[in-house]
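Listed below, chain by chain, are the residues.
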Amino acid sequence: VPPIGRRHAFAAWEARLRRMGGVPKAALQVGGVSVLERIVHALRGAGVEDISAVIGPYRDQLLPLLIRCEVHAVMHERPGPSLIDSQRLALQSHQARFPARDLILMLSDLPQLVKADVSRLLACWADREEHVHAQVPVVGGVQGHPVLLSSQAVAQILSAPSDYGCREWMRSHASSIMRVQTSTLAYISDLDTPADLAALLSSRSGENLAMAGLPDE
């Protein structure tokens, strides 16, 4: 099976995105760099050239950040959208722009992800067997992100009813999923609560949290 080729990644913001300290999670500064910029740096460092993002709430704060990172913005116009709504909007935009390409789909709050983590998943995807149409990293039994989907999987999800998302597809296509077992915590270390942010900052206490520029791996 050939590798993805020129790759496309979609960072999807959950519709019920919360703020921490009055700031959207993707715009939080860690080490002087926003969470979004860290993710973009990891993806581009691994060779992912085209990056898009679904945004709904807080667009006034997030749009300038997306423009600075040269990330394609897809606006969620539906009031009170669900996670499935955001997923399907991401898949629809991807299919319209890159119908023959496979997709890297992820949430936007994985601040510890670096290019080596993305490269590792892309290498596994390039070596997958022909029947595999989705790939998920698994850490200690917990499924993480990024998720990789073939163009065929994207088409199958979009051909289903509007309440059908990636999780539903995976439930009915278990034999088509490759789970990459790993101990890399970055795949599951998100920012769902203020405690998550506190733990992240504590783990980086030896670094200069006011540093400028993008992080080195």
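Residues numbered from 1 in each chain as written. Predicted model: local features only at pLDDT ≥ 70, side-chain atom pairs only at ≥ 80, totals over all residues. Heavy atoms only, no water.

A.B. asks: Can you walk me through the packing of helix α3 (residues 83-97) against helix α5 (residues 151-158) in this structure?
C.D. replies: Packed helices, taken two at a time, are described by their axes: the angle between them and the distance between them. α5 packs onto α3 with a crossing angle of 125° between their chain directions and a minimal axis gap of 10 Å. Looking at the two axes, α3 sits oblique to α5. Read as a crossing pair, α3 and α5 show a hand that is left-handed. In this structure, α3 contributes Arg-88, Leu-91, Gln-92, His-94 and Gln-95 to the contact, and α5 contributes Val-154, Ala-155, Ile-157 and Leu-158. Taken together, the residues of the contact of α3 with α5 break down into 5 nonpolar, 3 polar and 1 charged. (Axes fitted to C-alpha atoms, helices over the stretch in contact; angles between N-to-C directions. Helix = DSSP H or I, 4+ residues; strand = E, 2+ residues; numbered from the N terminus. Parallel < 35°, antiparallel > 145°, perpendicular 65-115°, else oblique. Left-handed = near helix turned anticlockwise from the far one by under 90°. Contact = heavy atoms within 4.5 Å. Nonpolar A, V, L, I, M, F, W, Y, C, P; charged D, E, K, R; others polar.)

A.B. asks: I'm lost on the pairing of strand β7 (residues 72-75) in this one. Help?
C.D. replies: Regular strands place side chains that alternate from one sheet face to the opposite one. With 4 bridges joining them, strand β6 (residues 50-55) and β7 adopt parallel strand pairing. Within β7, the position partnered with Ser-52 by the bridge is His-72. Assessed by its sense of winding, the connection that carries the chain from β6 through helix α2 (residues 59-69) to β7 is right-handed. (Pairing = 2+ DSSP bridges. Right-handed = clockwise from strand over helix to strand, strands pointing away.)

A.B. asks: Would you mind showing me how to read the environment of Gly-45 here?
C.D. replies: You can see Gly-45 is positioned in helix α1 (residues 35-45). Classification of Gly-45 as partly exposed rests on a relative accessible area of 42%. Counting along the chain gives 71 residues from Gly-45 to Ala-116, while the straight-line C-alpha distance between them is 8.3 Å. (Buried < 20%, exposed > 50% of the residue type's maximum accessible area, 1.4 Å probe, protein only.)

A.B. asks: I would appreciate a short explanation of the confidence of the model for the protein chain in the present structure.
C.D. replies: Caution is warranted with low-pLDDT regions, since their predicted coordinates should not be read in detail. Considering every residue of the protein chain, the mean pLDDT works out to 82; 78% of them sit at 70 or more. Per-residue pLDDT stays below 50 along residues 206-217; that stretch engages in 19 contacts with residues further than four places along the chain or on separate chains. (pLDDT = per-residue confidence, 0-100.)

A.B. asks: What should I look at first to understand the packing of α1 against α2 in this one?
C.D. replies: Between α1 and α2, the shortest axis-to-axis distance is 10 Å and the interhelical angle comes to 25°. Classified by the angle between their axes, α1 and α2 sit roughly parallel to one another. Classified by chirality, the crossing of α2 by α1 is right-handed. Contacts between α1 and α2 involve Leu-36, Glu-37, Val-40 and Arg-44 from the former and Leu-65, Leu-66, Arg-68 and Cys-69 from the latter.

A.B. asks: Looking at this structure, I do not really get the pairing of strand β9 (residues 134-139). What am I missing?
C.D. replies: Taken across its 6 residues, β9 has 6 buried, putting it largely inside the fold. Burial along β9 is two-sided: Ala-134, Val-136 and Val-138 and Gln-135, Pro-137 and Val-139, pointing in opposite directions, are all buried. Bridge analysis of β9 against strand β11 (residues 147-149) gives 2 bridges, and the strand direction is antiparallel. Within β11, the position partnered with Ala-134 by the bridge is Leu-149. One ladder, built from 6 bridges, connects β9 with strand β12 (residues 177-182); its direction is parallel. Within β12, the position partnered with Ala-134 by the bridge is Ile-177. Bridge count for β9 against strand β10 (residues 142-143) is 2 bridges, and the pairing is antiparallel. If you follow Val-138 over to β10, its bridge partner there is Gln-143. Between β9 and β10, which pair antiparallel one after the other, the connecting turn spans 2 residues, and Gly-140 there sits at a positive phi close to 55°.

A.B. asks: Please clarify how the pattern of salt bridges should be interpreted in this entry.
C.D. replies: Once their charged atoms are close, side chains differing in charge can pair, the charge on each being opposite to the other. Counted by the stated rule, this structure contains 5 salt bridges. Between Arg-68 and Glu-37 there is a salt bridge, and its shortest N-O distance comes to 3.5 Å. Within this pair, whereas Arg-68 is found in helix α2, its partner Glu-37 is found in helix α1, the two being separated by 31 residues in sequence. Given the relative accessible area of 16%, Glu-37 is considered buried. Between Asp-117 and Arg-120 there is a salt bridge, and its shortest N-O distance comes to 3.4 Å. (Salt bridge = Lys/Arg side-chain N within 4 Å of Asp/Glu carboxyl O.)

A.B. asks: Just checking my understanding: could you explain α1 for this structure?
C.D. replies: Quick reminder: α-helices carry 3.6 residues per turn. Residues three or four places apart thus point the same way. Burial runs high along α1: 8 of the 11 residues are buried. By the burial criterion, the buried members of α1 are Val-35, Leu-36, Glu-37, Arg-38, Ile-39, Val-40, Ala-42 and Leu-43. Directly beyond the C-terminal end of α1, a positive phi value near 100° is found at Gly-47.

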